[in-house]
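An overview of the molecular structure
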Amino acid sequence: MASELYNTIDALSREKGIDPQIVVSAVEDAIVMATRKYYKTQENLRAELDKETGKINAYAVKTVVETPEQVEDPALQITLEDARKADPNLEIGGELRIPKVTEGILGRIAAQLAKQVIFQKVREAERDTVYNEYIGRVGEVVNATVKRVEGPDVIFDIGKAEARMPRKEQSRLESFAIGERVRVVIARVEKASKGPGVVVSRAVPDLVQHLFQTEVPEIYDGTVVIRAIAREAGERTKIAVMSKDKDVDAVGACVGMKGMRVQSIIRELHGEKIDIIEYHEDAVTFAEKALQPAKVSKVTVVDSGGKHLEVVVDDSQLSLAIGKKGQNVRLAAKLLGWKIDIKSEEEKRQEVEEQMSAMVPQTATPLESVSGLGEGLVEKLSAAGVTTVEALADMTPEQLEAIEGIGPKTVEKISLAVNNYFASLEQGATAEGEVAIEGETAMAGSSEAASAEVGAEDITAEIPVAGEEVAGEKAASSREAAPAGEVTVEPQLNSADESEAEHSDEMPASEEESASETRK
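Residues numbered from 1 in each chain as written. Predicted model: local features only at pLDDT ≥ 70, side-chain atom pairs only at ≥ 80, totals over all residues. Heavy atoms only, no water.

Ranked by size, the top nonpolar core spans 26 residues in total, and within it Phe286, Val311, Leu335, Leu336, Ile340 and Ile342 carry the most contacts. Residues within four places of Ile340 in sequence aside, it is in contact with Leu309, Val311, Val329, Ala332 and Ala333. If you look at the next biggest cluster of nonpolar residues, it comprises 22 residues, including Val141, Leu207, Ile239 and Ile266. (Core = buried A, V, L, I, M, F, W, Y, C linked by side-chain atoms within 4.5 Å. Buried < 20%, exposed > 50% of the residue type's maximum accessible area, 1.4 Å probe, protein only. Contact = heavy atoms within 4.5 Å.)

This is the structure in structure tokens:
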């Protein structure tokens, strides 16, 4: 029959969920430490618990060696001859156990030391048991009961162990009462922790995923898949879903009829906002969806390898796209896994203008080019770092007056001189343009006149004088006399000449035939 001490150890082991032998070893180690402290010895001490009587016996253990020369430490070794005086059956290499009296001599201090050792061993064993139990359950959602509140931390009872929820793992919208039952996620298990080794959380995205799996049957059976979740606990959550069945609307399934499903999850999260987005493989389309409720004008992939996007929105949509303290774009970037730069259309336009102006070489005109500025004024401006007319033109009156030695009247003088300088440049450009236009006009007029003269000569050469008689023989002889390879341009008769030729009584028949052939 087991002793009362062993029955107590067995009950403690079942309560803590640890092996009874671990507690027995803790008790034996405690007796060894108390005995060593009492005897003030460095001997190799051991203790054994007798389960039947409940008595704990302490021994000093010495190793048996053959000769006295082999004894290096008398407290740890003994010769074979001396050992057989106590036990004739001992052999070389064996151990001689010398009993140590402990009953009634250890006292209160030794007992207190033994108690501390036992508690320490039990806590270590309990911590190891908890670690082995929950290390494989990280990420699992469990039901927990609020046990107590320790400063910013909340301690939960999760069944076989206690769990701790630090402040950073809590939602700012939530507060807990003692005895309240909540669902928590096992975030991590700490083996070297002084307090509870299990750390739970209600701020991780896994909790939202578990709630959707519980509330939405399509997610539970795999018809709708959650592809990505981005969450800031207590503020907003964005969840991207995709349907494997073309007849099932992924977003509609998660929202539920009249929003019943998503409203149930929002109540569980104490009013946290949830955006449900349809997942797209195309990063550009997915980015447009992820930045809702803002309307996106344009999405450009800056670097596909580095996963960098540039989003342009209307000026009125910029604050909505960025969100409160940048929350909307930050969650969208987490959801996509891409870096997102948001710009308004006005900012994008200015950026393009700056890029275009950077491509155009900038001119630098020295101040000496302005005739209205004196040498002393030029020296003052140069001392202040203003060395070009362009830099001077960009300065405000306040900036000019801040320069030592320049007052309001001098500012007016500078403004007038700069305006006159640029006005002269514009007039010069206008005059050059007019000269160029007049030159082009003159060239065009001369070319037209030349063309007209050439045309007149051609007409004069081609059209004969009215009334001139064309002899068939002379035309025939001119055709015969034309060199080979040249085209002879023959004059054409007008209608008046034709009529005169037809009605002429003096023209012979042979000449009429020649004229007819010529017209043909």
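Now that the structure has been shown, we can carry on.
Read around the closed barrel, the five strands follow the order 5-6-7-9-8; overall the barrel is mixed. Going across the sheet, the axis of each strand differs from the next one's by a mean of 55°, ignoring polarity. (Pairing = 2+ DSSP bridges. Helix = DSSP H or I, 4+ residues; strand = E, 2+ residues; numbered from the N terminus. Axes fitted to C-alpha atoms, helices over the stretch in contact; angles between N-to-C directions.)

Right, let's get into helix 11 (residues 327–336). Turn by turn, an α-helix covers 3.6 residues, leaving residues three or four places apart pointing in a common direction. In terms of burial, helix 11 is largely enclosed, as seven of its ten residues are buried. The complete set of buried residues in helix 11 reads Gln327, Asn328, Val329, Leu331, Ala332, Leu335 and Leu336.

Here we take up the sheet that holds strand 14 (residues 308–313). Here three strands make up an open sheet; going across it, the order is 13-14-15 and the pairing mixed. In this open sheet, the two strands that pair with only one neighbour each are strand 13 (296–303) and strand 15 (339–344). Ignoring strand direction, the axes of neighbouring strands in this sheet form an average angle of 20°. Relative to strand 15, strand 14 runs parallel, the two being bridged by six bridges. Across the sheet, residue Val312 finds its bridge partner in strand 15, namely Lys343. Packed on one face of the sheet, helix 9 (residues 283–290) meets strand 13 and strand 14 and runs near 135° to strand 13.

For the pair helix 5 (residues 205–215) and helix 8 (residues 260–268), the least separation of the axes is 10 Å and the interaxial angle reads 140°. It follows from the interaxial angle that helix 5 and helix 8 lie oblique. Pair helix 5 / helix 8 crosses with right-handed handedness. Between helix 5, through Leu211, Phe212 and Glu215, and helix 8, the contact on the second element is made entirely by Arg261, Ser264, Ile265 and Glu268. For the contact of helix 5 with helix 8, a count of residues per class yields three nonpolar, one polar and three charged. (Parallel < 35°, antiparallel > 145°, perpendicular 65-115°, else oblique. Left-handed = near helix turned anticlockwise from the far one by under 90°. Nonpolar A, V, L, I, M, F, W, Y, C, P; charged D, E, K, R; others polar.)

With that out of the way, let us pick up the packing of aromatic side chains. Aromatic ring pairs are defined here through the distance separating the ring centres and the angle between the ring planes. Going through the model one piece at a time under the given rule, you end up with two aromatic pairs. Here the aromatic rings of Phe156 and Phe176 are separated by 5.8 Å at their centres, their planes lie at 85°, and the arrangement is edge-to-face. One end of the pair, Phe156, is in strand 6 (residues 153–157); the other, Phe176, is in the loop between strand 7 (162–165) and strand 8 (181–189), and 20 residues separate them in sequence. On the numbers, 5.0 Å between centres and 70° between planes, the contact of Tyr279 with Phe286 is edge-to-face. (Phe/Tyr/Trp six-rings, centres within 6.5 Å; stacked < 30°, edge-to-face > 60°.)

On to the environment of Phe156. For Phe156, a relative accessible area of 0% corresponds to the buried category. Along the primary structure Phe156 and Val146 are separated by ten residues, whereas in three dimensions their C-alpha atoms are 4.6 Å apart.

Right, let's get into the packing of helix 9 against helix 11. Packing of helix 9 against helix 11 leaves a shortest axis separation of 10 Å and a crossing angle of 145°. Relative to helix 11, the crossing made by helix 9 is right-handed. Between helix 9 and helix 11, the residues in contact are Ala283, Phe286, Ala287 and Ala290 and Ala332, Leu335 and Leu336, respectively. Class assignment for the residues of the contact of helix 9 with helix 11 results in seven nonpolar, no polar and no charged.

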